[in-house]
Amino acid sequence: MREVLTSIKAVSEEIRIRLLLLLLNREACVCELMSVFGMAQSKLSHHLITLRDAGLLQDEKRGKWNYYRVNTNALSAANKELLTSLSRWFIDDETAGRDKVALEKVKERMQICC
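Residues numbered from 1 in each chain as written. Predicted model: local features only at pLDDT ≥ 70, side-chain atom pairs only at ≥ 80, totals over all residues. Heavy atoms only, no water.

1. With respect to the sheet that holds strand β3 (residues 65-69)
Then step 1. Taking strand neighbours across the sheet as the criterion, the three strands line up as β1-β3-β2 in an open arrangement whose pairing is antiparallel. Two strands bound the open sheet, and with one partner strand each, they are β1 (28-29) and β2 (58-62). (Pairing = 2+ DSSP bridges. Helix = DSSP H or I, 4+ residues; strand = E, 2+ residues; numbered from the N terminus.)

Next comes the structure, spelled out in structure tokens:
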């Protein structure tokens, strides 16, 4: 029960759902996500760490930046179901679509991050 409650609390904010949906199919570093969401590094990192600590994201440090992604192979059964539901519920969401386009533009513009 504790794991499920932790995961539900982790996705209780819109920005965290948007982050999960964005990182479901690709990884991104904090600097790219800062550009997409127009958010300070400290605030964005807080949200990413909350999702990571709930077992929804994995991170990897490269240089001075952390890269985040959803690793579906490492998710618990409960978190797999949660992410499957979120992706189904928000499949046609305009905001999630704009986030994906924004990340593509950021990655294209930056070429190699940081």
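2. A short note on the nonpolar core
Then step 1. Core analysis: the biggest nonpolar cluster contains 34 residues, and L20, L33, F37, L48 and L56 have the highest contact counts within it.
Then step 2. At seven residues, the largest contribution of residues to this core is made by helix α2 (residues 14-23).
Then step 3. Excluding residues that lie within four positions of it along the chain, L20 makes contacts with V11, L51, L56, L57, V70, L83 and L86. (Core = buried A, V, L, I, M, F, W, Y, C linked by side-chain atoms within 4.5 Å. Buried < 20%, exposed > 50% of the residue type's maximum accessible area, 1.4 Å probe, protein only. Contact = heavy atoms within 4.5 Å.)

3. Some points on the packing of aromatic side chains
Then step 1. All chains considered together, the criterion is met by zero aromatic pairs.
Then step 2. Lying across the ring of Y67, R62 places its NZ or CZ 4.1 Å from the centre. (Phe/Tyr/Trp six-rings, centres within 6.5 Å; stacked < 30°, edge-to-face > 60°. Lys NZ or Arg CZ within 6 Å of the ring centre and 35° of its normal.)

4. Concerning the packing of α2 against helix α5 (residues 77-89)
Then step 1. Packing of α2 against α5 leaves a shortest axis separation of 10 Å and a crossing angle of 95°. It follows that α2 is roughly perpendicular to α5 by the angle criterion. Of α5, the residues touching α2 (which contributes I17, L20 and L21) are L83, L86 and S87.
Then step 2. Classifying every residue of the contact of α2 with α5 by side-chain character gives five nonpolar, one polar and no charged. (Axes fitted to C-alpha atoms, helices over the stretch in contact; angles between N-to-C directions. Parallel < 35°, antiparallel > 145°, perpendicular 65-115°, else oblique. Nonpolar A, V, L, I, M, F, W, Y, C, P; charged D, E, K, R; others polar.)

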